[in-house]
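Below are the chains, spelled out letter by letter.
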Amino acid sequence: MKNLTPQTIKMLVLKFAGTFGSSMLSFAIGLYILHRTGSALSMGVTMITGPIVSLILTPFVGYVVDTMNHRRIMITAQVTTSIALVLFGFGFRLWPAQYYPEMIALIVALQVTDNFLSTTLTASLVQLFAPNELQRVNSLNQSIASLAMFLAPLMGAMLYTLVSIDTFAFIEVLFELTALVAIFLLKFQPFAAQSPVEAAEAQESVWQNFKTGFAYLKSQQLIFILTVSSAFLNFLFAAVNVGLPYLLIQTMKMTNNQYGFVDSGFAIGMFGGGILLSMLKMRSHPIKFSFFNIILLAILFTFTGLPAVLRWTGLLSTGYFWIQNIVNGVLIVLINTPINTFMQQVIPHHLQGRVFSLDGTISQMLAPLGTLMFGVLFDHLAAPLLFGVTGIVLIIFTLIVTGLIRRSHLYDKPENQVPAAAN
């Protein structure tokens, strides 16, 4: 964490303010809907609204990010977010009985602005930092986001008992304005003059622009493999998202406090993983490094049900799962951050908006299916068995993918070479 440049500090302030504020508001909205309706279906509608909006927006986000000024997009997104929060706050005070449609409308508005902001920010890092600084910046961003997600429920739970939901929205405005100030202070380096190809793409329609981005994604074998692998990994990781709470609460009979303690380990691990990776200098290709850590994550999967099989006591099993969640969090950072950095370094800047938008959408497409499938499986099969099978499937899949990459010599291709990380 030493020698942070002013540019890095501004980026971390932007990341923390945006993540902490939105996570705290999401926590409050979830609690409010659950308490008011008592319906899992009502909660489920709010959870699937975001992914549906993201899917619809995919072609438009990529087009806007690749053809318009990044700073203006980010400023517009932040201003729009603040306006939506203010409108929701006053609307809730005037028509409190209409809270559910008002909250759905707010979720849609925030998802739209977040899609534009997050994709633009990812595509802008090559304007904000030198290529050999990207790994460190991405790692620190992950750490600060994890810290924000860890603190948000704690602060949200405390504030929820003190203020109304509309006040939450007004508090969130303060965080969004803090992020807006950080955006204004960031120094964007201008891109080189457009090539004839880039100029021609800028004149394309939204659909033509989207097809160009998809064609690029398909033509880059390594990036395409990474996108598909990410989708499958998210599909399998649904076993943890669904199965771990089921195992801890239904099978292991943990108390709410024990479960909350175990759950905190994941954010702690992601925070520590980001700090660790920010200090590492990559000695091998970043994708090799990521797949090695996927193997470690898969091995950890296979032992998730061990305390249930051995019938460990509450204290021992709580400590085991807490440590496992910490390691899970570290490994997720060591998997995702090198891949994100690699893509930022090798994808041409005029295509990054489309490719990152596509990559994010494809990567998340199988997650709801995984949640549904594992939800059914955990109701009918033993949790330790399911975790063991999931880990073995992930190991086999990873070995097949890494073997395909090696046989095709994709690591050695010029377009897949990256600069060394900064010290």
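Above this text is the structure in question.
Since we're looking at a predicted model, the values are computed, not measured. (Residues numbered from 1 in each chain as written. Predicted model: local features only at pLDDT ≥ 70, side-chain atom pairs only at ≥ 80, totals over all residues. Heavy atoms only, no water.)

Caption draft 1: Focus on the overall build of the chain. Looking only at helices and strands, the chain has 16 helices and zero strands in total. For 423 residues, the compact-globule estimate of 2.2 N^0.38 gives 22 Å, and the chain sits close to it at 22 Å. If one aligns the C-alpha atoms of the chain with their principal axes, the spans along those axes are about 65 × 60 × 45 Å. For the chain, buried positions account for 50% of its 423 residues. For the chain, restricting intrachain contacts to residue pairs at least 6 apart in sequence, the fraction spanning at least 24 positions comes to 88%. (Helix = DSSP H or I, 4+ residues; strand = E, 2+ residues; numbered from the N terminus. Rg over C-alpha atoms; globule rule 2.2 N^0.38 Å. Buried < 20%, exposed > 50% of the residue type's maximum accessible area, 1.4 Å probe, protein only. Contact = heavy atoms within 4.5 Å.)

Caption draft 2: The arrangement of the pattern of salt bridges in detail. Summed over all chains, the structure comprises one salt bridge. One salt bridge connects Arg93 with Asp166, and the closest N-O pair in it is separated by 2.3 Å. With Arg93 in helix 3 (residues 70-94) and Asp166 in helix 6 (residues 165-185), the pair connects residues that are 73 residues apart, well separated along the chain. Overall, Asp166 belongs to the buried group, its relative accessible area being 4%. (Salt bridge = Lys/Arg side-chain N within 4 Å of Asp/Glu carboxyl O.)

Caption draft 3: View of the side chain of Thr8. With respect to the helices and strands, Thr8 occurs in helix 1 (residues 6-37). Of the residues examined, Thr8 reaches a relative accessible area of 5% and is grouped as buried. Polar contacts involving the side chain of Thr8 include one to the side chain of Thr5, which spans 2.8 Å. With residues near it in sequence (within four places) discarded, Thr8 still touches Phe129 and Leu140. (Polar contact = N/O pair within 3.5 Å; in protein donor to acceptor, adjacent residues only side chain to side chain.)

Caption draft 4: Local environment of helix 3. Across its 25 residues, helix 3 extends 36 Å between first and last C-alpha, which sits within 8% of the 36 Å expected from 1.5 Å per residue. The distance from a side-chain oxygen at the start of helix 3 to the backbone nitrogen of Arg71 is 3.0 Å, and the residue carrying that oxygen is Asn69. (Expected span 1.5 Å × (residues − 1).)

Caption draft 5: Expanded view of the packing of helix 9 (residues 221-251) against helix 13 (residues 314-346). Across the interface, helix 9 lies against helix 13 with an axial gap of 13 Å and an inter-helix angle of 160 degrees. As the angle between them shows, helix 9 and helix 13 are arranged roughly antiparallel. When the axes of helix 9 and helix 13 are compared, the crossing they make is left-handed. On the side of helix 9, the interface is formed by Leu222, Ile223, Leu226, Leu233, Phe237, Leu244, Leu247 and Leu248, while helix 13 contributes Phe321, Asn325, Ile332, Ile335, Ile339, Phe342, Met343 and Val346. Partitioned by chemical class, the residues of the contact of helix 9 with helix 13 number 15 nonpolar, one polar and no charged. (Axes fitted to C-alpha atoms, helices over the stretch in contact; angles between N-to-C directions. Parallel < 35°, antiparallel > 145°, perpendicular 65-115°, else oblique. Left-handed = near helix turned anticlockwise from the far one by under 90°. Nonpolar A, V, L, I, M, F, W, Y, C, P; charged D, E, K, R; others polar.)

Caption draft 6: Expanded view of the packing of helix 9 against helix 15 (residues 367-380). Contact geometry for helix 9 and helix 15: axes closest at 8 Å, N-to-C directions at 40 degrees. One element, helix 9, and the other, helix 15, form an angle in the oblique class. Helix 15 is crossed by helix 9, and the crossing has right-handed handedness. Only Ala367, Leu369, Gly370, Thr371, Met373, Phe374, Gly375, Phe378 and Asp379 of helix 15 make contact with helix 9, whose side of the interface consists of Asn234, Phe235, Leu236, Ala238, Ala239, Val242, Gly243 and Tyr246.

Caption draft 7: Broad picture of helix 15. Along its 14 residues, helix 15 runs 20 Å from first to last C-alpha, staying within 8% of the 20 Å computed at 1.5 Å per residue. Taken residue by residue, helix 15 has Ala367, Gly370, Phe374 and Phe378 as its buried positions. Across the axial projection of helix 15, the buried residues extend over an arc of 55 degrees, all falling on one side. Exposed residues pointing more than 90 degrees away from the buried face of helix 15 are listed as Leu372, Asp379 and His380. In this structure, the buried side of helix 15 is in contact with helix 9, helix 14 (352-365) and helix 16 (383-407). (Arc of directions from axis to C-beta.)

Caption draft 8: Here's a closer look at the packing of aromatic side chains. Scanning the entire structure with this criterion turns up nine aromatic pairs. Ring geometry for Phe237 versus Phe301: centroids 5.8 Å apart, planes at 35 degrees, classification tilted. One end of the pair, Phe237, is in helix 9; the other, Phe301, is in helix 11 (residues 286-302), with 64 residues separating them in the sequence. Assessed through its relative accessible area of 11%, Phe237 is described here as buried. Pairwise contacts between aromatic rings join Phe16, Phe20 and Phe175 into one cluster. (Phe/Tyr/Trp six-rings, centres within 6.5 Å; stacked < 30°, edge-to-face > 60°.)

Caption draft 9: Fine view of a nonpolar patch on the surface. Among the surface-exposed residues, Leu55, Met365, Leu366, Leu369, Leu372 and Val376 lie close enough to one another that they form a single nonpolar patch of about 570 Å² accessible area. Sorting elements by how many residues they give to the nonpolar patch places helix 15 first, with three residues. Of note, Met365 is situated in helix 14. We classify Met365 as exposed; its relative accessible area is 52%. (Patch = residues over 30% accessible without salt bridge, like charges linked within 9 Å, V, L, I, M, F, W, Y side chains within 5 Å. Areas by Shrake-Rupley, 256 points an atom, 1.4 Å probe, with all protein chains shown as cover.)

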